[in-house]
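# A look at the structure
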Amino acid sequence: MIKLSGIYKKFQQHEVLKGIDLEVKKGDVLTIIGPSGSGKTTFLRCINFLEKPDEGTIEIGSTLKVNAIKPSKKDILALRQKTAMVFQNYNLFQNKTVLENIMEGLTVVQKKSKQEAREVAERLLHKIGLEEKRDAYPSSLSGGQQQRVGIARALALNPEVILFDEPTSALDPEMVGEVLQLMKQIAAEGITMIVVTHEIDFAHEVSNHVVFMDGGHIVEEGTPEEVIVHPQKERTQQFLKRLRKNPEYII
Amino acid sequence: MGSQQWGILFAQIMERLPITIAMLIAALILGLILGTIIAIIQIKRIPFLHQCMTLFISFSRCTPLLVQLFLVYFGVPQLLSAFGIYINDLTPFIFAVVTFALHISAYLAEVIRSAYLAVGEAQLEACYSIGMTYTQALRRVILPQAFVLALPNLGNTIIDLFKDTSLAFTIGVVDIMGQARLIIGNNYGLGMFKVYIIISLIYWGVCIIIEIIIHQIEQRFKKGRVNVAKT
């Protein structure tokens with residue numbers, strides 16, 4: 001269970017998050033949608049303190065509760081060790097091979113033996129279908145392959161929740177499918193996920209909880225049926241309409 | 001007279017090459033450690049220390065090395081003796097190493113800082129996201145990458161330092177330059193030309209070897225980094 005309450009964040013004078021409350025149950029697949037600049041990504045980054053919220057509390061499980069006003073280093077570290085993140089630009093460790101990328105968190109953070117870490121990594125490589133790339137460096141992989149490794153790196157840690165920050169936004173249209181497919185697969189395995197995305201179809205199909213954000217607020221939330229198919233608020237309808245609009249002209 | 005004498009002079013000067021190399025390596029290791037610490041202070045903008053280091057870098061880069069050498073060799077013992085510490089019996093070699101280390105640490109700090117920044121925030125965030133501490137991130141991901149990026153500049157600094165060791169003779173270190181000066185002095189200034197030809201060839205030769213070593217290291221550590229400029 002993850003519970004966030006009263007999250008506020010300001011960049012200089014610009015208020016990005018104006019009090020966000022959210023609860024995610026174990027096994028939930030939560031998607032956050034909304035226009036650019038609505039604070040989706042900032043909110044996601046607040047969950048693992050890549051961005052320090054100005055106010056609010058973050059609870060993960062029943063044991064860890066972090067107050068954003070004066071968090072201890074230990075709390076922040078604990079928060080990060082219970083979560084994992086998949087980045088828009090993959091952010092794989094450039095100086096490490098695919099296999100080492102997946103093993104890194106297991107050996108360095110979780111202090112598992114090399115042997116054990118390697119077994120986990122090999123199993124995940126099989127799952128993402130990149131066994132033949134195990135000793136390749138990230139720079140020699142395609143975007144889609146890198147992102148799959150990014151997902152494997154997050155999965156390896158067996159975190160309470162995986163945070164996805166627009167995981168397909170930097171990909172060629174051709175590669176979006178393979179990444180979404182993998183995400184769908186792990187969602188089906190009951191892994192808790194929070195996904196910031198522009199892929200409305202993915203949100204509709206895979207998630208069981210959708211949040212629509214605009215201007216630093218949660219405008220609407222509920223099941224995909226409620227938010228995406230039958231949105232109640234005007235702002236949501238407007239956003240979805242523009243997204244779904246048929247092309248005005250066809251070349 | 002003739003070729004035989006060239007050989008003798010060459011051998012006499014080469015005898016002292018280990019001293020020059022020892023100075024280079026000792027100063028380099030010390031300088032790298034210091035430079036890394038200074039770079040981290042500068043990157044993290046640690047209050048007070050940050051200002052001190054900015055001042056130190058400025059002083060180090062904007063005063064002649066020869067002046068710094070004299071300051072350390074003549075100034076520091078005097079300064080310390082005021083506190084009841086006497087270091088007059090240390091060898092000039094140690095003073096030279098300390099001066100060179102301080103001097104290049106200022107340059108290396110800038111080299112390391114720019115390489116660190118070139119690795120980018122994204123790699124650090126990736127480390128944080130899997131629960132690493134800053135120290136772990138530095139050791140496992142950031143510094144190994146920064147090291148590769150820093151190599152070309154590091155090579156330049158090492159070569160500069162190697163040539164700068166020739167100043168150590170001024171405080172009495174008998175390195176290859178010191179030896180050359182002694183030979184010339186013993187001959188009342190005769191054969192100066194030969195000695196300087198020989199010593200310049202020695203400096204040149206060693207520099208080429210350093211260049212080759214750096215190049216080899218660069219090839220070895222390049223690993224995942226793709227050279228974008230090379231097509």
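In this text, all values refer to a predicted model and were calculated from it rather than measured experimentally.

## Focus on the interface of chain B and chain A
Interfaces are often sized by the accessible area lost when the parts come together. Each partner contributes residues to the interface: chain B has 20 residues there, and chain A has 25 residues. For the pair chain B and chain A, the summed buried area comes to about 2,000 Å², and 58% of that belongs to carbon and sulfur atoms. The interface formed by chain B and chain A includes 2 salt bridges. Notably, a salt bridge pairs R45 of chain A with E125 of chain B, separated by 2.7 Å at the nearest N-O pair. Between the two partners, chain B and chain A, sit 9 residue pairs in polar contact (both at pLDDT 80 or more). Sorting elements by how many residues they give to the side of chain B that touches chain A places helix 6 (residues 121-129) of chain B first, with 7 residues. Taken together, the residues that form the side of chain B that touches chain A break down as 9 nonpolar, 7 polar and 4 charged.

## As for the UniProt feature "transmembrane region" (unreviewed entry) in chain B
Residues and elements named next belong to chain B. With numbering aligned to this structure, UniProt lists the feature "transmembrane region" (unreviewed entry) at residues 20-41, 62-87, 93-112 and 196-214. Summarising residues 62-87: 69% helix, 0% strand, and an end-to-end C-alpha distance of 27 Å. Structurally, residues 93-112 is divided into 100% helix and 0% strand, and its ends, taken at the C-alpha atoms, are 27 Å apart.

## Focus on helix 9 (residues 192-221) of chain B
In this model, helix 9 of chain B (30 residues) spans 43 Å end to end at C-alpha, consistent with the 44 Å of a helix rising 1.5 Å per residue. Listed in full, the buried residues belonging to helix 9 of chain B are K194, V195, I198, I199, I202, Y203, V206, C207, I210 and I214 of chain B.

## Here's the deal with the packing of helix 4 (residues 114-128) of chain A against helix 5 (residues 143-156) of chain A
All names here are of chain A. Interaxial distance between helix 4 and helix 5 falls to 10 Å at its minimum, and their mutual angle equals 140°. With respect to their mutual orientation, helix 4 and helix 5 come out oblique. For the element pair helix 4 and helix 5, the recorded crossing hand is right-handed. Together, V120, L124, K127 and I128 of helix 4 and R148, V149, A152, L155 and A156 of helix 5 make up the contact between the two elements.

## Regarding the pairing of strand 10 (residues 217-222) of chain A
All names here are of chain A. Pairing of strand 9 (residues 209-214) with strand 10 involves 5 bridges; the strand directions are antiparallel. Following the sheet pairing, V210 is matched in strand 10 by G222. Counting the residues between successive antiparallel strands, the hairpin from strand 9 to strand 10 contains 2 residues, one of them, G215, with a positive phi of roughly 55°.

## A word on the sheet that holds strand 3 (residues 29-33) of chain A
Residues and elements named next belong to chain A. Read across the sheet, 6 strands follow the order 6-7-8-3-9-10 without closing on themselves; strand pairing throughout is mixed. Strands at the two margins of the open sheet, each flanked by one partner only, are strand 6 (83-86) and strand 10. On average, adjacent strands in this sheet sit at an angle of 20° to one another, irrespective of strand direction. Against the sheet, helix 6 (residues 173-188) engages strand 3, strand 7 (161-165) and strand 8 (193-196), with an angle of about 150° to strand 8.

## A short note on the sheet that holds strand 2 (residues 14-24) of chain A
All names here are of chain A. Strand order in the open sheet formed by 4 strands is 2-1-4-5, with antiparallel pairing between adjacent strands. Two strands close off the open sheet at either side, each with one partner strand: strand 2 and strand 5 (64-67). The sheet shows a mean angle of 15° between the axes of neighbouring strands, taken without regard to direction. Here strand 1 (residues 2-11) runs beside strand 2; their pairing, made up of 8 bridges, is antiparallel. From the neighbouring strand, K10 faces strand 2, where its bridge partner is E15. Strands in contact with helix 2 (residues 73-82) are strand 4 (55-60) and strand 5; relative to strand 5, the strand with the most contacts, it is inclined by about 130°.

## Observations regarding the environment of E178 of chain A
Residues and elements named next belong to chain A. One can find E178 in helix 6. A C-alpha to C-alpha distance of 25 Å links E178 and A117, two positions 61 residues apart in sequence. In this structure E178 touches G144, Q145 and R148, once residues within four positions along its chain are discounted. A polar contact of 2.4 Å, which involves the side chain of E178, links it to the side chain of R148.

## Describing the pattern of salt bridges
It is possible for side chains bearing opposite charge to pair when their charged atoms get close. Tallying each qualifying case throughout the model produces 12 salt bridges over all chains. Measuring nitrogen to oxygen at the nearest pair gives 3.7 Å for the salt bridge that ties E104 of chain A to K96 of chain A. Comparing E104 of chain A with K96 of chain A shows no difference in burial state: the two are buried. When the shortest N-O distance is used, the salt bridge between D214 of chain A and R235 of chain A registers 2.5 Å. Here R235 of chain A lies in helix 9 (residues 234-244) and D214 of chain A lies in strand 9, a separation of 21 residues in the sequence. Overlapping salt bridges bring together R45 and E51 of chain A together with E125 of chain B as one network.

Thresholds, definitions, all that
Residues numbered from 1 in each chain as written. Chains lettered and ligands numbered in written order. Predicted model: local features only at pLDDT ≥ 70, side-chain atom pairs only at ≥ 80, totals over all residues. Heavy atoms only, no water. Contact = heavy atoms within 4.5 Å. Buried area = accessible area lost by both parts, 1.4 Å probe. Salt bridge = Lys/Arg side-chain N within 4 Å of Asp/Glu carboxyl O. Polar contact = N/O pair within 3.5 Å; in protein donor to acceptor, adjacent residues only side chain to side chain. Helix = DSSP H or I, 4+ residues; strand = E, 2+ residues; numbered from the N terminus. Nonpolar A, V, L, I, M, F, W, Y, C, P; charged D, E, K, R; others polar. UniProt positions renumbered as here; feature names shortened; annotations may be inferred. Expected span 1.5 Å × (residues − 1). Buried < 20%, exposed > 50% of the residue type's maximum accessible area, 1.4 Å probe, protein only. Axes fitted to C-alpha atoms, helices over the stretch in contact; angles between N-to-C directions. Parallel < 35°, antiparallel > 145°, perpendicular 65-115°, else oblique. Left-handed = near helix turned anticlockwise from the far one by under 90°. Pairing = 2+ DSSP bridges.

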